[in-house]
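# Coordinate analysis (summary)
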Amino acid sequence: MSKSIADLEEIARKCRVEIVKMVHRAQAGHPGGSLSEIDLITALYATRMRIRPEQPDWDDRDRFILSKGHASPGMYAVLAEMGFISHEDLKSYRVLGGVCQGHVDMKWCPGVDFSAGSLGMGLSFGMGCATAARLDSSERRAFVMIGDGEMQEGSVWEAAMAAAHHELGNLKVILDRNRIQNDDFCEEQMRMFDIPAKWKAFGWNVKEINGHDMTEVMEGLDFLEAPENCNGPSILIAHTIKGAGISYMENNPSFHGAAPNDEQFHQAMVELGEVEA
Amino acid sequence: MTRMAATRDGYGQALLDLADNPKVVVLEADLGKSTKSLHFRKAHPERTVSCGIGEQNMLLVGAGMAASGYIPFASTFAIFTERAFEQMRNGVARPNLAVHLCGSHGGTHTGTDGSSAQSIEDLAVFRTLPNVTVLHPCDDVSTRILTTRLAGTKSPSYMRTARNKTPVLYDDIDPDSIQIGKGIELKDGNDVAIIACGVLVSESLKAADMLMQEGINASVIDMHTLKPLDGQLVDQMVERCGAIVTAEDHNVIGGLGSAVAEHLVANKFAPLEMVGVPDRFGESGQADEMLDVMKLSAKYIVEAAKKAISRK
């Protein structure tokens, strides 16, 4: 069943509600990066991923690797929307024994393909998945979401170089370019200069989009899947806003890894249309 | 005349032995000529992934392939496996993906490249990781057999091999007697037990001969698996000999000696003397010279054995 832009926007809105609820309930976690990535992950799962939620370990599924694994509430919300886990499971975020571990964990949560949480690892893992798919002569793909701050890890560039060398056309990266990292704005922590040029120079197909405009997001995913871009690895550079959708979190480095208080939580629910003002 | 061979050659042979299994893949980081995975690459280029000089990437490409049903064997120098320690920790061991990492050129025995290439801490660091089996075989035959056994396991491993040739001990052995997690008693004695791994197993046999000339009858154990440690065999040695020596071309901190000590303090106890690199970095020198400089050679094992006996 194909989803309209409005359908996708509504799913993303519901996921935003769940993200804020998770971090508020846990009084910990990473709302900013979850809110910046959520439109992208929603569209990817709802319209592109070849998956079977009732059979999460299906061998021939597409893989999705959330390399910025701390932004787990976003992924958990989408997994719940897709039916991999229940909405009740979302209450286990950061709770002892919970399906929803602090960082996404393949040993704990159905539908999670890689245990992330340490930055700079997911792209390499995705390269392994893509290499295996090629050896299997399978058409399955590996989608990897990385963060912009994450690109400061040298291992990202080991993987970028290797994936292009091996012409892994089934490896697709989405960069959540939200411009904020743990301590501050990326521009203050470590300037990264011309990011599209860097990836092009490493031999990747590159496209830039607004990561919150669902029409552009769909065009971006079309780009990743286009046959002419399957000659090698491709990256979608999605310009996003950290904390997108909650006014006081937007572009605010404080909400990289902090939970809203009760008053802020209420305001967020109002802004997301969940409750009356 | 004793045949001489390097354990890394046994690793290379094992990869060829395993090639009939289409799920076995080999990952390289520009050192296949040295670790001996090059034979597999020549025979099966389609199943060999070059990761360039990028060990961190290699470990996690292996993890992705293991999670996709493959059995990856990744190798580089022992020292460079340490560069990818956190990848091994977070991306391989934690999700318990059966990536088999081989670090060749381990220990000061590596020789003239000097201290930058002489890993003396690899066994210690990988031994701290849950789910990871840690091996350091002593000859090419046992390396070949143990490597092929790894392909049937469901968890990750670290195996150290050595660059230089040492005496081959197992040319005529029944392969069934070489099993992961089971030490091998090479010489049966009752005065002191020398528990060794890797290149120091043959030195320990030399030491046992020297001790015998002085009327001391030593057992010699090839403890090729550091984790899980064959604690039952250690207990037997304690009961029979009442004094233990460990011998390894590795820092005395954290390796085989530590593994045995950890076992002893929680079980049947006996005096323990540890022969190992005395918490210092190496230098350029020939392999045999390094064993002397680092106080690892047979005469030092003999000294340690006497001291352990004196502490009974």
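The text that follows walks through the structure, step by step, so that each part is easy to find. Just so we're clear, the structure is a prediction, and the values are computed from it rather than from any experiment. (Residues numbered from 1 in each chain as written. Chains lettered and ligands numbered in written order. Predicted model: local features only at pLDDT ≥ 70, side-chain atom pairs only at ≥ 80, totals over all residues. Heavy atoms only, no water.)

### Let's talk about the overall build of chain A
Convention followed: Secondary structure elements follow DSSP: runs of H or I of four or more residues count as helices, runs of E of two or more count as strands, with numbering from the N terminus. In this setup the radius of gyration rests on C-alpha atoms only. A globule is expected at 2.2 Å times the number of residues raised to 0.38. Only protein chains enter the calculation, and the probe is 1.4 Å; a residue is then buried if its accessible area is under 20% of its type maximum, exposed if over 50%, and partly exposed in between. For this analysis, residues touch if any pair of their heavy atoms sits within 4.5 Å. Per-residue accessibility takes into account occlusion by the displayed protein chains alone, with areas from the Shrake-Rupley method and a 1.4 Å probe. Residues scored as charged are limited to Lys and Arg (positive) and Asp and Glu (negative), so that His and the chain ends carry no count. The atom standing in for a charge is NZ when the residue is Lys, CZ when it is Arg, CG when it is Asp and CD when it is Glu.
Looking only at helices and strands, chain A features nine helices and five strands. For 277 residues, the compact-globule formula gives about 19 Å, and the C-alpha radius of gyration of chain A, at 17 Å, lands near that figure. Residues classed as buried in chain A amount to 59% of the 277 residues present. Taking the contacts inside chain A whose residues are at least 6 apart along the sequence as the reference set, 74% of them involve residues at least 24 apart. On chain A, roughly 10,700 Å² of surface is accessible, and the fraction owed to carbon and sulfur atoms is 48%. Counting 26 positive and 42 negative side-chain charges, chain A places the centres of these two groups 3 Å from one another.

### Focus on unusual backbone geometry
A cis geometry characterises the amide bond from lysine 227 of chain B onward to proline 228 of chain B, with omega recorded as 0 degrees. Assignment of secondary structure puts proline 228 of chain B in the loop between β12 (225-227) and α10 (231-241). Phi angles above zero are rare outside glycine, and glutamine 27 of chain A is one such case at about 50 degrees. Relative to the helices and strands, glutamine 27 of chain A resides in the loop between α1 (5-26) and α2 (31-47). Residue glutamine 27 of chain A is classed as partly exposed on the basis of its relative accessible area of 46%. Backbone geometry places asparagine 131 of chain B, a non-glycine residue, at a positive phi of 80 degrees. When you line up the elements, asparagine 131 of chain B lands in the loop between α7 (122-127) and β6 (133-135). Given a relative accessible area of 37%, asparagine 131 of chain B falls into the partly exposed group.

### Notes on the pattern of salt bridges
For clarity, the threshold we go by: The working definition used for a salt bridge is a side-chain nitrogen of Lys or Arg within 4 Å of a carboxyl oxygen of Asp or Glu.
Scanning the entire structure with this criterion turns up 33 salt bridges over all chains. Arginine 240 of chain B is paired through a salt bridge with glutamate 185 of chain B; the nearest N and O atoms lie 2.5 Å apart. Here the residue arginine 240 of chain B occupies a position in helix α10, and glutamate 185 of chain B occupies one in strand β9 (residues 184-187), the gap between them amounting to 55 residues. A relative accessible area of 30% means that glutamate 185 of chain B is categorised as partly exposed. Linked through salt bridges whose partners overlap, the residues forming this network are Arg48, Asp62, Arg141, Asp222 and Glu225 of chain A.

### Overview of the sheet that holds strand β3 (residues 171-177) of chain A
Residue and element names in this part refer to chain A. Quick reminder of the rule: Any two strands are treated as partners once DSSP identifies two or more bridges connecting them. The convention used is that axes are lines fitted to C-alpha atoms, helices contributing only their stretch in contact, and that angles between N-to-C directions extend from 0 to 180 degrees.
Read from one edge of the open sheet, five strands run β1-β2-β3-β5-β4, paired in parallel fashion. Every other strand in the sheet has two partners, leaving β1 (63-66) and β4 (205-210) as the edge strands with one partner each. Pairs of neighbouring strands in the sheet enclose a mean axial angle of 20 degrees, with direction left out of account. Pairing analysis gives six bridges linking β4 to strand β5 (residues 234-239), with the strands arranged parallel. Considered in β5, the bridge of valine 206 is made with isoleucine 235.

### Thoughts on the environment of methionine 290 of chain B
All names here are of chain B. Locating methionine 290 in the fold gives a position in helix α12 (residues 287-293). A sequence separation of 177 residues divides methionine 290 from aspartate 113, and the C-alpha atoms of the two residues are 12 Å apart. Ignoring any residue separated from it by four or fewer positions in sequence, one finds methionine 290 in contact with Thr108, Gly111, Gln118, Gly282, Glu283, Ser284 and Gly285.

### A look at the environment of isoleucine 145 of chain B
Residue and element names in this part refer to chain B. By the secondary structure assignment, isoleucine 145 is in helix α8 (residues 140-150). Owing to a relative accessible area of 13%, isoleucine 145 belongs among the buried residues under this scheme. Beyond its immediate sequence surroundings of up to four residues, isoleucine 145 is in contact with Pro175 and Ile178.

### Looking at the interface of chain B and chain A
To be explicit about the condition: Once two parts are joined, some of their accessible surface, as seen by a 1.4 Å probe, is lost; buried area is that loss totalled over both. Here a polar contact is recorded for every N or O atom pair within 3.5 Å, except that within protein the pair must consist of a potential hydrogen donor and a potential acceptor, and residues adjacent in sequence are included only if both atoms are side-chain atoms.
Residue-level contacts link 26 residues of chain B with 24 residues of chain A. If you sort the residues of chain B by the area they bury against chain A, Asn57, Leu60 and Arg94 of chain B come out on top, with a joint share of 25%. Inspection of the chain B/chain A interface yields two salt bridges. Between lysine 23 of chain B and aspartate 136 of chain A there is a salt bridge, and its shortest N-O distance comes to 3.5 Å. In this structure, the connection of chain B to chain A is made through 10 residue pairs in polar contact (both at pLDDT 80 or more). If you list the elements that add at least two residues to the side of chain B that touches chain A, you get β3 (48-50), α4 (55-66) and α6 (85-93) of chain B.

### Regarding α1 of chain A
Since the α-helix turns once every 3.6 residues, residues separated by three or four places project in the same direction. Residues and elements named next belong to chain A. Test applied: Any helix carries an expected span of 1.5 Å times its number of residues minus one.
Helix length check: α1, at 22 residues, gives a terminal C-alpha distance of 32 Å against a target of 32 Å (1.5 Å per residue), a fit within 8%. Among the residues of α1, Leu8, Ile11, Ala12, Cys15, Arg16, Val17, Glu18, Ile19, Val20, Met22, Val23 and His24 are the ones counted as buried. Those residues of α1 that are buried lie in contact with α2, α3 (72-82), α8 (214-225) and α9 (262-271). One or two steps after α1, the chain reaches glutamine 27, where phi turns positive at roughly 50 degrees.

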